[in-house]
Amino acid sequence: MPTQSPPARLQSVQRQHIEHIFQLGEGLEIPQLPAQPMIRRSWLRCLNEYQLDPTQPRPARVVPQQTLIEHRESVDELLHVARAGVEQLYGQIAQLGYVLLLTDHRGITVEFRGNPNQDQQLRKAGLYLGADWDERFAGTCAVGTCLYDRQAIICHRQEHFDATHISLTCTAAPIADPQGNVMAVLDISALQSPAQHESQNFSLSLVTLYARMIEDAYFLQRYRDCLMVRLDTSREFVHVNGRGLIAIEENGQVIAANAVGRELIADHQRRWPPWAAQHATMLSELFECEITDVLSINSATDDQLRAFRARASNAIYFISLLEPRRPRTAPPNKTTSTQPKPLARLGADDPAIRKLQKLAERLRNEASVNVLISGETGTGKEVVARALHDSGNRAKGPFIAVNCAAIPEALIESELFGYEPGAFTGGRAKGMRGLIPQAHGGTLFLDEIGDMPLALQTRLLRVLAEREVMPLGANKPVKVDLRVITATHRHIDKLIEEGAFREDLYYRLNGAQLRLPPLRERADKLYVIRQVFNDVVSERGGSQSPRLRADAISALLAYAWPGNIRQLKNALAFALVTAESDEITVYDLPEQCLSQRITHTPSLTTPARETADSHLITQLQQHQWNISAVARELGVSRPTVYRQMQRQGIVPPNKA
Ligand SMILES: Nc1ncnc2c1ncn2[C@@H]1O[C@H](COP(=O)(O)OP(=O)(O)OP(=O)(O)O)[C@@H](O)[C@H]1O
């Protein structure tokens, strides 16, 4: 460590300052040394690490114009967001003789506000656009030391390392990006100031406050297309100055957080370390909350906030919900991404759907295994059948879907098997190729198989056994190569007991069974809502890109959906037609979606049909017994409504 005397040309106060630096370097303790540990550590860094010579004061360095442009470009987004904050802060400090600097993470001043009348002096002192305040070059200073320690700091007069800076007072605070890395520093400085260090305490509060506001404005801008919660421990301040910001997926998974939010997450992880590095924090892990309670804040509360307890600290936080600016695409289906697309698209993270997808994947090329798909009406049985077809090696062949309940009993035989010219009175002159022969080389999907008349069941059994059909009036059979998929919403075993369904046919059809859960029981309901919404939007076409607001999502999640996905699709189509803007809110949904909410989790043993049964009569009454309207409302076909009425013994008033 050199201990030479400072050159005589330096003023005495500067000489003293340099002396103090050397004294600290030698480990001497004298009262004149700076009290702040951050400053002391920085002085030692300047001497030992950066090898700065305090006896050689350096003039301020201002980078060339081209370099400045490059630095400004690298923080373009931040500069844009910070502009309003910079103006406001400068408006408050200008009268007090302060200037304002915003530097990038390398300490280069990329934004500056100061009094133009002091231009020369300010430039000389380095309080200027393009000035380099990196600690390695400028020595201990507010910006450089703040960048090193990532903490707000006052660097008052003789706390600066370089003797040319010891008349300045500077106060700086870091601005972090959403990952917590310092991306900029906000600084206010003055050429002259009172000697007392405490005179700058207020500057420290002010600059810290504005740095946080700029940081949060940047966060809000970055995550403007995401759902976000804003939180504070004070009810009154949540809306005006909620200090925590957490961007989330619609399922509550945390995407990013501001400084307060990150502290909350860190607190949570200190207590309950994540069990896997990839574990994504959920909002419901941080707070005692259900995601639906958060999503419905705007629609279900008067003051648009709700209180939740933080699990780690037990403190009560008041939370408000910020809606995304633009619609977001459905989250990628992570669990099934390696599956063929038609199967992966069937659902996301629901155990029953995952099981179905896995089994379907094994079956997709096994045409000899007849597949029976079971599930309530509208759960997507035909969609599954088509996905099985599309993902298998028969995808290029035909997919023929037959709704056994929709074809009148008298015609079902001729429709399925076809007929020769003149086979029966009323038939087409040229005869007709039946639906079964049409499916040759592809897949035959028989929906509502439980509704097939007994006599035809026998003929179907023969087709399955012999792989040939005999059209009506023909004298020789036609060979068919088929994959047969059937579907039913009925309990076939009951029909067998009642003698309405052939047991041997059932066993032949049921080579493997795929069970579809009702929508109300699906854990990936949100995925289905988004998927169906996107489908409805693209089916409608048009240039607008409507979006579902969180309150609408919340209502859709809460509804029991007796008509399952078909009913959901109808409700969304209705909302899109009737909504006044391209934002679908809870008020745009059919009224019934708001009335019949799930009040309990239906047990798996509860016959799902019961829910729909009790609902049917109400629907009929509400729609003045208009069957088409009820079918539309419930998302089922008209024959299904008639069948259900028949089964429940419901007779329209004018027929009673
Ligand atoms: N996973 C899904 N994603 C998007 N839309 C779906 C999905 N599953 C079903 N749908 C839609 O829901 C509606 C009903 O589906 P589908 O006809 O396959 O049901 P279903 O169980 O065969 O009905 P039913 O018992 O009345 O024959 C269709 O409009 C379909 O496009």
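Residues numbered from 1 in each chain as written. Predicted model: local features only at pLDDT ≥ 70, side-chain atom pairs only at ≥ 80, totals over all residues.

A short note on the overall build of the chain
For clarity, the cut-off: In this text, helices come from DSSP runs of H or I with a minimum length of four residues, and strands from runs of E with a minimum of two, each type numbered from the N-terminal end. Burial in this document is a count-based property: other C-beta atoms within 10 Å of a residue's C-beta are tallied, and the residue is buried at 20 or more, exposed at 12 or fewer, or partly exposed in between, with C-beta positions derived from the backbone.
A tally of regular secondary structure across the chain gives 28 helices and 21 strands. Residues counted as buried form 41% of the 656 residues belonging to the chain.

Overview of the nonpolar core
Going by this rule: As used here, a nonpolar core is made of buried Ala, Val, Leu, Ile, Met, Phe, Trp, Tyr and Cys residues. They are joined through C-beta atoms within 7 Å. Any two residues are considered in contact once their C-beta atoms, placed from the backbone, lie within 7 Å.
Core analysis: the largest hydrophobic core is formed by 108 residues, its most contacted members being A142, V143, A172, L186, V229, I246 and L283. Top element by residues in this core is helix α22 (residues 525–540). It accounts for 8 residues. Not counting chain neighbours up to four residues away, the residues in contact with L283 comprise V229, I246, I248, G252, V254, C289, I291 and V294. Judged by nonpolar contacts, the second largest core, of 39 residues, contains L356, L372, L388 and L444.

Focus on the packing of α22 against helix α24 (residues 564–578)
Selection criterion: Structural elements are reduced to axes, namely lines fitted to C-alpha atoms, with helices fitted over the stretch in contact, and the angle between N-to-C directions of any two is expressed from 0 to 180 degrees. Should an angle fall under 35 degrees it is called roughly parallel, over 145 degrees roughly antiparallel, and 65 to 115 degrees roughly perpendicular, with every other angle called oblique. By convention the crossing between two helices is left-handed if the near helix lies anticlockwise of the far one by an angle smaller than a right angle, and right-handed if it lies clockwise.
Where α22 contacts α24, the two axes come as close as 9 Å, and the packing angle between them is 50 degrees. Classed by the angle they form, the pair α22 and α24 counts as oblique. In the crossing of α22 with α24, the sense of the turn from one axis to the other is right-handed. Where α22 approaches α24, its residues V528, I529, V532, F533, V536, V537 and R540 are matched on the opposing element by I565, L568, K569, L572, A573 and L576.

Section: helix α23 (residues 550–558)
It helps to recall that an α-helix has 3.6 residues per turn; residues three or four apart then point in one direction. The element α23 is largely enclosed, with a buried count of 7 among its 9 residues. Residues of α23 that are buried: A550, D551, A552, I553, S554, A555 and L556.

Section: the site of the ligand
The following threshold applies: A residue counts as near a molecule or strand when its C-beta atom, positioned from the backbone, falls within 6 Å of it. Gly is put with the polar residues, along with every residue not named as nonpolar or charged; the nonpolar set is Ala, Val, Leu, Ile, Met, Phe, Trp, Tyr, Cys and Pro, and the charged set is Asp, Glu, Lys and Arg. Note that the domain bounds reflect an automated or database-derived domain assignment.
Around the ligand there are 22 residues in total, and G380, K381, E382, I565 and R566 lie nearest to it. When contributions to the shell around the ligand are tallied by element, the ones reaching two or more residues are α16 (381–391), α22 and α24. At 4 residues, the largest contribution of residues to the shell around the ligand is made by α22. Considering only residue class, the shell around the ligand consists of 7 nonpolar, 9 polar and 6 charged. Each of two domains, domain 3 (341–515) and domain 4 (548–655), supplies a minimum of three residues to the shell around the ligand.

Digging into unusual backbone geometry
The phi dihedral of W561 falls on the positive side, at around 50 degrees, and the residue is not glycine. Even without glycine at this site, N564 takes up a positive phi of about 55 degrees. By secondary structure assignment, the location of N564 is in helix α24.

Description of the sheet that holds strand β4 (residues 169–176)
Note the cut-off: Two strands are counted as paired when DSSP detects at least two bridges linking them.
Taken in spatial order, the 5 strands make up an open sheet running β2-β1-β5-β4-β3, and their pairing is antiparallel. If you trace the sheet from one side to the other, it starts and ends with β2 (109–113) and β3 (153–156), each paired once. When strand polarity is set aside, the average angle formed by the axes of neighbouring strands in this sheet is 20 degrees. Two strands pair when backbone bridges link them, and strand β1 (residues 98–104) and strand β5 (residues 182–190) are joined in this way by 7 bridges, in the antiparallel orientation. Bridge pairing in β5 links T103 to V185.

Observations regarding the confidence of the model for the chain
For residues with low pLDDT, the predicted coordinates do not support detailed interpretation. Going by this rule: Note on scores: pLDDT gives the predictor's confidence for each residue, bounded by 0 and 100.
This prediction gives the chain a mean pLDDT of 86; 89% of its residues lie at or above 70. Within the model, the stretch residues 597–612 combines pLDDT values under 50 with 14 contacts to residues more than four positions away or in other chains. Here the predicted complex carries an ipTM of 0.98, next to a pTM of 0.59.

A few points about the packing of helix α4 (residues 76–93) against helix α8 (residues 201–222)
Between α4 and α8, the shortest axis-to-axis distance is 9 Å and the interhelical angle comes to 150 degrees. Looking at the two axes, α4 sits roughly antiparallel to α8. Taken as a pair, α4 and α8 cross one another with a handedness that is right-handed. In contact with L78, V81, A82, G85 and L89 of α4, α8 contributes L206, Y210, M213, I214, A217, Y218 and Q221. Considered class by class, the residues forming the contact of α4 with α8 number 10 nonpolar, 2 polar and no charged.

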